Amino acid sequence: MNFVKKIFATLMAAATSFGALMPTASAEYTHSTIMHKLEIFSYDWGGTLIFSDSPEYVQRNGILYTDTVDGDARLLFYHLNDTGVRKRFAIIFENTSDQENVVEITRGGLSAPNRNYFSVGKIAQTMYMEGEFQDRIELESYQRKVYQPDEKYFLLRPGQLIHGVCDFNTTAPVRIFLMMYPEAADPLGFLNVAEILPKDEHRLRGTFKQMNRTLTLKKPYDWERDGLGYVLIGDNVNDLFKRGIDATDGSEVINYGNYGINYTLNFSTRFMTRFCLSPLGGHYAGALRYRYGESTGVIQTPDRRLYFGDKTPPEPPHVAQARVEGTSLMTDRTELSELGSYRGQVSFEYSPPSASNLPVNIVLMPDD
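Predicted, not measured: the structure shown is a model, and the values here were computed from it.

### Brief notes about the overall build of the chain
Turning to step 1, where the next piece is worked out: The helix and strand inventory of the chain stands at 6 helices and 24 strands.
Turning to step 2, where the next piece is worked out: Residues classed as buried in the chain amount to 54% of the 368 residues present.
Turning to step 3, where the next piece is worked out: Counting every atom, the chain has about 16100 Å² of accessible surface; 50% of that belongs to carbon and sulfur.
Turning to step 4, where the next piece is worked out: Each charge sign in the chain was given a centre, from 37 positive and 45 negative side chains, and these centres are 4 Å apart.

Right, here's the structure in full:
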């Protein structure tokens, strides 16, 4: 029971120094426990992210986004048919060189068109994390090809969403077009006359360098020393949003939420430790992949319902500020999705799921 006393003493000391920032537990919660932010190293690496989510609600035909990539890349798209008739969506690859070119898709996820935002996001991300989809596109010099691996998935009824993500590499520069067009039109013919649609007010599209981010604990987690701990993802203070360029007009854009960015979360623990994901921004539905020794697998978040986070009350400003600065509360109203219990080295592959809200906490606590 010594470790229980140590944790209690740590929490009481933290509560004393934290009192001016946090509401008293009796005022708002039946039960509460202090949590402490864990320090991390962060670095970005990898290829280029092409992100297309603006206009999200597409009201007319046209090119949604286009840019040229070379080498390792990731494509993420998320668009809704906001017209009164059926539309088709197309991904078009154009070889911009005079040499043969190969686009090798190494993994991907695609949801069937759907009106349920959370279902679309969760299905595509689960498929991507399972990593079982591969494909190959061969391009002659200066050739264009329409890529629709499952044609019925690229026909959208009014109000339906299409969402997909894939990692790929090219042997030479390739220009990518994402386009909404009339159901009966020839996509390559329509591309010749299509205009580039303007961004909506959210401006969530662009090209972003270094499409991967690695977060690593600065020291092994020890619940006897650290108490309950958390790592913040997607708050734009502890974990900054990526900045990029909208290639259609050259303007600087911000990826609010870091959608399409793949995180590797590296943890080391002294004792058996329980990991959970806790949504802080509202509704959330996703999946992540864990690696623990020789074991690996995909965990849906949450795993017994489509989404969660809807029962978490909004945080008062002083509570949110305290969390950013390093201290937070776990209460009887905190929603958690289990990620498993591990000792020693464990890593998670994580990406902010489309349609879900950020930020999130990765919470570490004693296994029992």
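Next, the rest of the story.
### Focus: the pattern of salt bridges
Turning to step 1, where the next piece is worked out: Across all of its chains, the model carries 24 salt bridges by this definition.
Turning to step 2, where the next piece is worked out: A salt bridge links Arg304 to Asp303; the shortest N-O distance between them is 3.8 Å.
Turning to step 3, where the next piece is worked out: The class of Arg304 is exposed, set by a relative accessible area of 77%.
Turning to step 4, where the next piece is worked out: Under the relative-accessibility criterion, Asp303 is labelled partly exposed at 45%.
Turning to step 5, where the next piece is worked out: The partner of Glu315 in a salt bridge is Arg323, and the shortest N-O contact between them spans 2.6 Å.

### A few points about the pairing of strand β12 (residues 161–170)
Turning to step 1, where the next piece is worked out: With 9 of its 10 residues buried, β12 lies for the most part within the structure.
Turning to step 2, where the next piece is worked out: Bridge count between strand β6 (residues 72–81) and β12: 9 bridges; the pairing is antiparallel. Residue pairing in the sheet places Arg74 in a bridge with Asp167 of β12.
Turning to step 3, where the next piece is worked out: In terms of strand pairing, strand β8 (residues 101–114) meets β12 through 9 bridges, oriented antiparallel. Its bridge partner being in β12, Gly108 is matched across the sheet by Cys166.

### Structural notes on the environment of Tyr307
Turning to step 1, where the next piece is worked out: Relative to the helices and strands, Tyr307 is located in the loop between β21 (295–301) and α6 (317–325).
Turning to step 2, where the next piece is worked out: Overall, Tyr307 belongs to the partly exposed group, its relative accessible area being 26%.
Turning to step 3, where the next piece is worked out: Through-space distance from the C-alpha of Tyr307 to that of Phe118 is 6.9 Å; in sequence the pair is 189 residues apart.
Turning to step 4, where the next piece is worked out: Sequence-distant contacts of Tyr307, defined by excluding residues within four places in its chain, comprise Phe118, His283, Tyr284, Ala285 and Pro302.

### Comments concerning the environment of Thr214
Turning to step 1, where the next piece is worked out: With respect to the element layout, Thr214 can be found in strand β15 (residues 212–217).
Turning to step 2, where the next piece is worked out: Note: C-alpha distance between Thr214 and Thr264 (50 residues apart in sequence) is 4.6 Å.

### Brief notes about α6
Turning to step 1, where the next piece is worked out: Listing the buried residues of α6 in full gives Val319, Ala322, Arg323 and Val324.
Turning to step 2, where the next piece is worked out: Just past α6, the residue Gly326 takes up positive phi, approximately 140°.

### Thoughts on the packing of aromatic side chains
One pair of aromatic rings is described through two measures. These are the centre distance and the angle between the planes.
Turning to step 1, where the next piece is worked out: One pass over the full model with this rule turns up 17 aromatic pairs.
Turning to step 2, where the next piece is worked out: Centroid distance Phe275 to Phe348: 5.5 Å. Interplanar angle 55°. Geometry classified as tilted. Here Phe348 lies in strand β23 (residues 337–350) and Phe275 lies in strand β19 (residues 262–279), a separation of 73 residues in the sequence.
Turning to step 3, where the next piece is worked out: By relative accessible area, Phe275 is classed as buried at 0%.
Turning to step 4, where the next piece is worked out: Ring centres of Tyr290 and Tyr342 lie 6.0 Å apart, and the angle between their planes is 40°; on these two criteria the pair is classed as tilted. With a gap of 52 residues between them, Tyr290 in strand β20 (residues 286–292) and Tyr342 in strand β23 connect regions that are remote in the sequence. Each member of the pair, Tyr290 together with Tyr342, is buried.
Turning to step 5, where the next piece is worked out: Linked through ring pairs, Phe267, Phe275, Tyr290, Tyr292, Tyr342 and Phe348 together constitute an aromatic cluster.
Turning to step 6, where the next piece is worked out: Above the ring of Tyr128, the side-chain terminus of Arg107 is found at 4.0 Å from the ring centroid.
Turning to step 7, where the next piece is worked out: The ring of Phe41 carries the charged tip of Lys218 above its face, separated from the ring centre by 5.3 Å.

What counts, and at which threshold
- Residue numbers restart at each chain and count upward from 1, following the sequence in its written direction.
- Residues qualify for local features only when their pLDDT is at least 70, as the model is predicted, and side-chain atom pairs are given and counted only at 80 or more; totals for whole chains, interfaces and linings, by contrast, use all residues.
- The basis for the side-chain values is all heavy atoms of the structure; hydrogens and waters are excluded.
- What counts as a helix is a DSSP run of H or I of at least four residues, what counts as a strand is a run of E of at least two, and both are numbered from the N terminus.
- Working definition: with a 1.4 Å probe on protein chains only, accessible area under 20% of the residue-type maximum means buried, over 50% means exposed, and in between means partly exposed.
- Computed with the Shrake-Rupley method and a 1.4 Å probe, the accessible areas treat only the protein chains shown as cover for residues.
- The positive count covers Lys and Arg only, the negative count covers Asp and Glu only, and His and the chain ends enter neither.
- To locate a charge, take atom NZ for lysine, CZ for arginine, CG for aspartate or CD for glutamate.
- By definition here, a salt bridge exists when the distance from a side-chain nitrogen of Lys or Arg to a carboxyl oxygen of Asp or Glu is within 4 Å.
- Being paired, for any two strands, means DSSP has found at least two bridges between them.
- In this description, contact between two residues means that some pair of their heavy atoms is separated by no more than 4.5 Å.
- Pairing of aromatic rings covers Phe, Tyr and Trp, the last counted by its six-membered ring, and requires centre-to-centre distances within 6.5 Å; plane angles under 30 degrees mean stacked, over 60 mean edge-to-face, and any other angle means tilted.
- Two thresholds decide whether a charge sits over a ring: the Lys NZ or Arg CZ must be within 6 Å of the ring centre and within 35 degrees of the ring normal.

Read these as geometric descriptors, not functional statements.
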